[in-house]
Amino acid sequence: MSTTAAEAGQALPTIEFRTPMPGFPEHREFVLVAVDPDGPLFTLRSVDDPALRFLVVPPAPFYPDYAPQVSAQVLEQLGTTDPEDLLVLLVVTAAGSVAEATANLLAPVIVDQSTRRAVQVILEEDLPIRARLLPA
């Protein structure tokens, strides 16, 4: 999925949140759009309000050892039994420069790639909410 497809007017697959993200009860449908086709940064953009978007990244390029434990309850919410089909995304906060950007490791967004259902979960693990995205 890329911004090129969106700009060309092609429909991007919609991701449906089973429960809304905290603080955004009216927004359940989002599209995932690449910020740069060659980079790992994406926006999760609301279908109903395109101005509402979250920066997200897959964890592997930044946190190669990150392996959240997805509970049976989350799998049930997503309607899947196959953890291999899950896409994990981290919400990024970029208040200042790129060097100051942080990722929320405690509350990843989990997407079932087959059904395009998603949930943001709060893990039981002791992980930071603001982990530096790039080394200092």
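Look up a bit, the structure's there.
Calculation criteria
Residues numbered from 1 in each chain as written. Predicted model: local features only at pLDDT ≥ 70, side-chain atom pairs only at ≥ 80, totals over all residues. Heavy atoms only, no water. Helix = DSSP H or I, 4+ residues; strand = E, 2+ residues; numbered from the N terminus. Buried < 20%, exposed > 50% of the residue type's maximum accessible area, 1.4 Å probe, protein only. Salt bridge = Lys/Arg side-chain N within 4 Å of Asp/Glu carboxyl O. Pairing = 2+ DSSP bridges.

**Student:** Please explain the environment of L86 as it appears in this structure.
**Tutor:** If you trace the backbone, L86 turns up in strand 5 (residues 86–93). On the basis of relative accessible area, L86 is assigned to the buried category, the value being 13%.

**Student:** Can you help me understand the pattern of salt bridges in this one?
**Tutor:** Working definition: two side chains of opposite charge can pair if their charged atoms are close together. One pass over the full model with this rule turns up one salt bridge. Of the charged contacts, one joins E16 and R18 as a salt bridge, the two residues approaching to 3.3 Å between their closest N and O atoms. For E16, a relative accessible area of 32% corresponds to the partly exposed category. A relative accessible area of 32% means that R18 is categorised as partly exposed.

**Student:** Explain the environment of V92 here, please?
**Tutor:** As for its placement among the helices and strands, V92 is situated in strand 5. Overall, the relative accessible area of 9% leaves V92 in the buried class. For the pair V92 and N104, spaced twelve residues apart in sequence, the C-alpha separation works out to 6.5 Å.

**Student:** Sorry, what's going on with the pairing of strand 4 (residues 53–57) here?
**Tutor:** Note on strand geometry: in a regular strand, side chains alternate between the two faces of the sheet. Looking at chain direction, strand 3 (residues 42–46) and strand 4 are connected through four bridges and run antiparallel. Pairing of R45 across the sheet is with R53, part of strand 4. Hairpin connection, strand 3 to strand 4: the antiparallel pair is bridged by six residues. Where strand 4 and strand 5 come together, three bridges link them in antiparallel fashion. Each residue of the ladder has a partner; that of V56, found in strand 5, is V91.

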